[in-house]
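# Architecture and fold: a report
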Amino acid sequence: MIQLGLYSNEFEIEYWNAVNKFIDPSEQREILASCRKFLPSNFFNESTSEFKSLILAPWGKLKAAESFIRVEKFDEMKSECFSKTNNQHLIMNPIYKRLHDSYSKIANSEKRKASLRVRIVRNAGLTVCPYCNRDYINSRGENVSGAQLDHFFNKSTFPLFSICLYNLVPVCSNCNRVKGKQTITFASPFDSSINWIQDLRFSYQGTTSKDMRILVEAKRSSEVENNITGMRIREAYQIHSIEVLELIEKQQMYNQTQKEELQKVLGQIELTDSEFKKMIFGPEITNESIKTKPLGKLLYDLHKELKIY
């Protein structure tokens, strides 16, 4: 629901340095020798360390690799990453188990006493969950993260992506739990092919608390619809009917007549139309402020529908 862009070069380097402390060069070489057997041939960037290019691979490259593996190389990946026990259960092979298990150490690693979990949220410019846009995920201390890191591609199925920076989405615990290990294809906030402003829209039906229903519509993208249904976004938003009703009431109440009456009370202090709206409805919601305002996309769409902004 919230579009996330690339992290800064400085933070990507900071993240890579954290990874490099926990995965030694010999392990990096072993992982690379194995994953070349199932990754697309053009995956690695020749201009930089191959393991570093895996860890910092942008979202588009990760998505293309995951699709390629599922269609072309899933059996090869399974044979490289897993072995069968005597009772036919799959267990992770040692090198991928070490990669998988390094995630917690890396996520909890500190710089200037702040854990990496906290720094990821700060560098993403977020204070609210990008999946639901409802719950705050800001930290309550340098080592008390308000966010969980969702492995967009599940690390139990794709251990190679366990610590890839753009596979880690800082989210609220509710969304992380509901998304879980579902097998439907979700949309990542890092996916630049999705325009969350245009491809997802909020509206409403009804005029009272008894018949009010908040509508959430996906346009064009089946993956966006999967986010809405799979993470139960429609159900989560029904509790916010009171905010919608209050907004509608304000819009109906504060018309030109009320503005003129308020201006008389203020006397010499003259308000522009923009200042008047800001005082009554709060600041206009922008693409950037949605990252920090709970219900930001809901309010953005309703402000447009009600012709407030």
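Only a predicted model underlies this, so the values are computations on that prediction, with no experimental measurement involved. (Residues numbered from 1 in each chain as written. Predicted model: local features only at pLDDT ≥ 70, side-chain atom pairs only at ≥ 80, totals over all residues. Heavy atoms only, no water.)

To continue, consider the overall build of the protein. From N to C terminus, the protein includes 14 helices and eight strands. Its C-alpha atoms give the protein principal-axis dimensions of roughly 80 × 40 × 30 Å. Per-residue burial over the protein gives 45% buried out of 309 residues. Summed over all atoms, the accessible surface of the protein reaches about 16,200 Å², with 48% contributed by carbon and sulfur. (Helix = DSSP H or I, 4+ residues; strand = E, 2+ residues; numbered from the N terminus. Buried < 20%, exposed > 50% of the residue type's maximum accessible area, 1.4 Å probe, protein only. Areas by Shrake-Rupley, 256 points an atom, 1.4 Å probe, with all protein chains shown as cover.)

Of the voids in this model, the largest pocket is the one considered here, and its volume is about 430 Å³. Looking at the largest pocket, it is lined by 20 residues, and the ones nearest its centre are Glu66, Arg70, Phe152, Phe153 and Ile184. Considering each element in turn, the lining of the largest pocket owes the most residues, five residues, to helix 4 (residues 59-81). Split into classes, the residues belonging to the lining of the largest pocket amount to six nonpolar, eight polar and six charged. Every residue lining the second largest pocket is counted, 13 residues in all, and those nearest its centre are Leu247, Lys250, Phe281, Leu299 and His303. Those elements that place two or more of their residues in the lining of the second largest pocket are helix 11 (241-253), helix 13 (273-281) and helix 14 (296-305). With four residues, the single largest contributor to the lining of the second largest pocket is helix 11. (1 Å grid on protein atoms, 1.4 Å probe; cavity = no way out; pocket = protein on both sides within 12 Å on 5 of 7 lines; lining within 4 Å. Points joined across faces, edges and corners; volume = space filled by probe spheres on them. Nonpolar A, V, L, I, M, F, W, Y, C, P; charged D, E, K, R; others polar.)

Before going further, it helps to examine the nonpolar core. Grouped together as the largest cluster of nonpolar side chains are 93 residues, with contacts concentrated most on Tyr15, Phe51 and Leu160. The contact partners of Phe51, leaving out residues within four places of it in the chain, are Trp16, Val19, Ile23, Gln28, Ile31, Leu32 and Leu99. (Core = buried A, V, L, I, M, F, W, Y, C linked by side-chain atoms within 4.5 Å. Contact = heavy atoms within 4.5 Å.)

Glancing now at helix 13. Inspection of helix 13 places Phe276, Ile280 and Phe281 among the buried residues, and these make up the whole buried set. For helix 13, the buried positions fall inside an angular range of 100° around the axis, keeping them on one side. Those residues of helix 13 that are exposed and angled more than 90 degrees off the buried face are Ser274 and Lys278. With its phi angle positive at about 85°, Gly282 sits one or two positions after the end of helix 13. (Arc of directions from axis to C-beta.)

The next subject is the pattern of salt bridges. Inspection of the entire model under this criterion finds 18 salt bridges. Here Glu30 and Arg98 are joined by a salt bridge, their closest N and O atoms 3.8 Å apart. Of the two residues, Glu30 sits in helix 2 (residues 25-35) while Arg98 sits in helix 5 (residues 94-108), which places them 68 residues apart along the sequence. Judged by its relative accessible area of 42%, Glu30 is partly exposed. Connected via shared salt-bridge partners are Glu14, Lys111 and Arg119. (Salt bridge = Lys/Arg side-chain N within 4 Å of Asp/Glu carboxyl O.)

With that settled, the discussion passes to helix 9 (residues 222-230). Because an α-helix packs 3.6 residues into every turn, residues spaced three or four apart end up facing the same way. Listed as buried for helix 9 are Glu223, Val224, Asn226, Asn227, Ile228 and Gly230. Those residues of helix 9 that are buried are in contact with helix 4, helix 7 (173-179), helix 8 (196-199), strand 7 (200-205), strand 8 (213-218) and helix 10 (233-237). At the exit of helix 9 stands Arg232, carrying a positive phi of roughly 55°.

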